Amino acid sequence: MITLKLTPSLLRIQLYAILIITLLINPALGQDYQIDTKYTIAVMGIDVQGLDISKTTLRNMVHLEVEKANKFSVLDKYDIEDVLNKQLIELDGCYGKTCLVNIGKLLKVEKILTGNVDLIGDKIVMSFRYIDVTAEIIEETSVEEFMDIPEELDKMVRITLNNLFDIKNDENLVNLL
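Here we summarise the structure given alongside this text. Once a new chain begins, its residue numbering starts again from 1 and follows that chain's sequence as written. Predicted model: local features are reported for residues with pLDDT of at least 70 only, side-chain atom pairs are reported and counted for 80 or more only, and whole-chain, interface and lining totals are derived from all residues. Processing note: side-chain calculations cover all non-hydrogen atoms of the structure and skip hydrogens and water entirely.

Here's the deal with the sheet that holds strand β2 (residues 72-74)
In any sheet, the strands associate via hydrogen bonds between backbone groups, in a parallel or an antiparallel arrangement.
Step number 1: Pairing between two strands is assigned when DSSP locates at least 2 bridges connecting them. Strands here mean DSSP runs of E at least two residues long; helices mean DSSP runs of H or I at least four residues long; both are numbered from the N terminus. One open sheet holds the five strands; their spatial order is β2-β1-β3-β4-β5, and the pairing between them is mixed. Unpaired on one side and paired on the other, β2 and β5 (137-147) mark the two borders of the sheet. Between one strand axis and the next, the sheet turns through 30° on average, direction left out of account.
Step number 2: The pairing of strand β3 (residues 111-120) with strand β4 (residues 123-132) spans ten bridges and is classified as antiparallel. Bridge assignment links I112 to a residue of β4, and that residue is I131.
Step number 3: Strands β1 (39-49), β3, β4 and β5 of the sheet are contacted by helix α4 (residues 97-107), whose axis makes an angle of about 145° with β1. Angular values range over 0 to 180 degrees, each being the angle between N-to-C directions of two axes fitted as lines to C-alpha atoms, with helices fitted over their stretch in contact. Contacts between residues were defined by any pair of non-hydrogen atoms, one from each residue, lying within 4.5 Å.

Some remarks on the packing of aromatic side chains
Step number 1: Between rings of Phe, Tyr and Trp, where Trp is taken as its six-membered ring, a pair exists when centres lie within 6.5 Å; planes separated by under 30 degrees are stacked, by over 60 edge-to-face, and by other angles tilted. All chains considered together, the criterion is met by three aromatic pairs.
Step number 2: Ring geometry for Y130 against F165: centres 6.0 Å apart, planes inclined by 40°, an arrangement best described as tilted. Taken together, the residues span a long stretch of sequence, with Y130 in strand β4 and F165 in the loop between α5 (153-164) and α6 (171-176) at a distance of 35 residues.
Step number 3: An aromatic cluster of three or more residues is present, and its members are F72, Y130 and F165.

A closer look at the environment of S127
Step number 1: Looking at where S127 falls in the secondary structure, it is placed in strand β4.
Step number 2: For S127, a relative accessible area of 12% corresponds to the buried category.
Step number 3: Once the C-alpha coordinates of S127 and V117 are considered, the two residues, ten residues apart in sequence, prove to be 6.4 Å apart.
Step number 4: Apart from the residues lying within four places of it in its own chain, the contact partners of S127 are T114, G115, N116, T141, S142 and V143.
Step number 5: In protein, a polar contact means a hydrogen-donor-capable atom and an acceptor-capable atom, both N or O and within 3.5 Å, with residues adjacent in sequence counting only if both atoms are side-chain atoms; elsewhere, any N or O pair within 3.5 Å suffices. Only 3.1 Å separates the side chain of S127 from the side chain of R129, close enough to count as a polar contact. Buried residues are those whose accessible area, probed at 1.4 Å on protein chains only, stays under 20% of the maximum for their type, while exposed residues exceed 50% and partly exposed ones sit between those limits.

Points about the packing of helix α2 (residues 55-69) against α5
Two quantities define a packed helix pair, namely the angle between the axes and the distance from one axis to the other.
Step number 1: Two elements in contact, α2 and α5, have axes separated by 10 Å at closest approach and are oriented at 45°. Considered as vectors, α2 and α5 are oriented oblique to each other. The crossing of α2 and α5 is right-handed. Touching L58, M61, V62, E65, V66 and K68 of α2 are L153, D154, V157, R158 and L161, all from α5.
Step number 2: Split into classes, the residues belonging to the contact of α2 with α5 amount to seven nonpolar, no polar and four charged. Throughout, the term roughly parallel applies to angles under 35 degrees, roughly antiparallel to angles over 145, roughly perpendicular to angles from 65 to 115, and oblique to all others. Two helices cross in a left-handed way if the nearer one is turned anticlockwise from the farther one by less than a right angle. They cross in a right-handed way if the turn is clockwise. Residue polarity follows a fixed list, in which Ala, Val, Leu, Ile, Met, Phe, Trp, Tyr, Cys and Pro are nonpolar, Asp, Glu, Lys and Arg are charged, and the others, Gly among them, are polar.

Right under this line is the structure:
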């Protein structure tokens, strides 16, 4: 009968062999799993001046582009309305940081995206920012000026939000507006 004495190096070789066999049998164990660490964000306090578009339509446009950016877990607009209606809170006139931070705490979100779109002379000016609800600070801001082409508002929103979220824009599209 032969006895094998387990030395540290032999034990290490056996552990490596078991690990390799396990990974070969179930390759999924060897994959890196990315934990979803997206911040929750609510889109609200979107104001518009001088253009023929409703605040609701503009907010929906912004909400859609934020979702498409896939940088945040975006709170559904109906969930926002439900929570605020239950608390008897009206959002009209809530555009400032203090008001939005208070609403953000109530909604239990980490970020609030807000902004405004204004017609100033012959330019459409878009300004979007997101607020860190916990720190109560404006974390990032993007301001862009475009030619007065209202039928291209959706593209202007996309460009401005992409800049805010550090997403590369299509240069041809940017140059057209």
